[in-house]
Amino acid sequence: MARALSRLGYCSRSQAEALVLAGRVSVNGRRETNLNRRVSLAQDQLSVDGTAVSARQHVYLMLNKPRGYVTTASDEQGRQTVYDLLNDPALPWLGPVGRLDMASEGLLLLSNDTRWAARLTDPASHLDKLYHVQIDCVADTELLARLESGIAAPEGLLRAKHAALLRQGEKNSWLAITLDEGRNRHIRRLLEAHGIATLRLVRVAIGPLQLGQLGKGSYRALSTAELQQLEQALGRPPARN
């Protein structure tokens, strides 16, 4: 039942579970608290607090996340969240598509289309993500090769699909690092293994989507052309209801 609410774009799966357990969800006018209750979106009517829930128009946003914001709806420590930047009351509930940690910046996608989000974050998609990373040393070709070779980690090999030098100064460098999978703190851990600190980490592209000139803290809707380009990059049609 919680999954059905999420698929309708009403809220996240975890939020839906909380609503069900709190007795706030009804199916065909009857209150249900069983998370395993199966429903048909074509035949059953779901309600929350007595108000019918219907499928909402899908929204797909690109946000330029600033440093210092967490990618959650609320934070126990009272830190600013990316939802503080979504200042349009007309927006429906939106969930982040993937994550950027608090110290990281750049391109973050948000949507109420949970199936679309699942396809983009599926490890099997191998959708390239490009990051510009400032490090606290002068990079050389040997370092770039080591980043691509990777290191052993508990969850498997931690590596960059591609690493290139963007520019460098006397004490630091900017690298372009491409990943086709997303492990927890992937780039930071990879660099730390070589004794290198990450000074800044900015995601600038997801597949064909480019952050471009979108201002820090600003967001915009994805265009139809961008959504089509993502579909082509995923290489398979969307899942059917």
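From a predicted model like this one, the values you see are computed outputs, not experimental measurements.

(A) Representation of the pattern of salt bridges within the structure. According to the stated counting rule, one finds eleven salt bridges in the structure shown. For Arg37, the salt bridge identified is with Glu32, shortest N-O distance 3.3 Å. Across the pair Glu226 and Arg220 runs a salt bridge, and its minimum N-O distance is 2.7 Å. Residue class for Arg220 comes out partly exposed when judged on its relative accessible area of 30%. Bridged by salt links that share partners, the residues Glu105, Arg200 and Lys216 form one connected network.

(B) Representation of helix H3 (residues 114-121). Every buried residue of H3 is listed here: Trp116, Ala117, Arg119 and Leu120. All buried residues of H3 fall inside an arc of 160 degrees around its axis, so they share one side. Elements that come into contact with the buried residues of H3 comprise strand S5 (60-65), strand S6 (95-97), strand S7 (105-111), strand S8 (129-135) and helix H6 (224-234).

(C) View of the packing of aromatic side chains. Evaluated as defined, the whole model comprises one aromatic pair. A centroid spacing of 4.7 Å and a plane angle of 70 degrees characterise the contact between Tyr60 and Trp116, whose relative ring orientation is edge-to-face. Of this pair, Tyr60 sits in strand S5 while Trp116 sits in helix H3, placing them 56 residues apart in sequence. Given a relative accessible area of 16%, Tyr60 falls into the buried group.

(D) Geometry of the packing of H3 against H6. Interhelical geometry of H3 versus H6 gives an angle of 45 degrees and a closest axis separation of 11 Å. Taken together, H3 and H6 sit at an angle that is classed as oblique. The handedness of the crossing between H3 and H6 comes out as left-handed. Only Leu227, Leu230, Glu231 and Leu234 of H6 make contact with H3, whose side of the interface consists of Trp116, Arg119 and Leu120.

Conventions and cut-offs
- Residues numbered from 1 in each chain as written.
- Predicted model: local features only at pLDDT ≥ 70, side-chain atom pairs only at ≥ 80, totals over all residues.
- Heavy atoms only, no water.
- Salt bridge = Lys/Arg side-chain N within 4 Å of Asp/Glu carboxyl O.
- Buried < 20%, exposed > 50% of the residue type's maximum accessible area, 1.4 Å probe, protein only.
- Helix = DSSP H or I, 4+ residues; strand = E, 2+ residues; numbered from the N terminus.
- Arc of directions from axis to C-beta.
- Contact = heavy atoms within 4.5 Å.
- Phe/Tyr/Trp six-rings, centres within 6.5 Å; stacked < 30°, edge-to-face > 60°.
- Axes fitted to C-alpha atoms, helices over the stretch in contact; angles between N-to-C directions.
- Parallel < 35°, antiparallel > 145°, perpendicular 65-115°, else oblique.
- Left-handed = near helix turned anticlockwise from the far one by under 90°.

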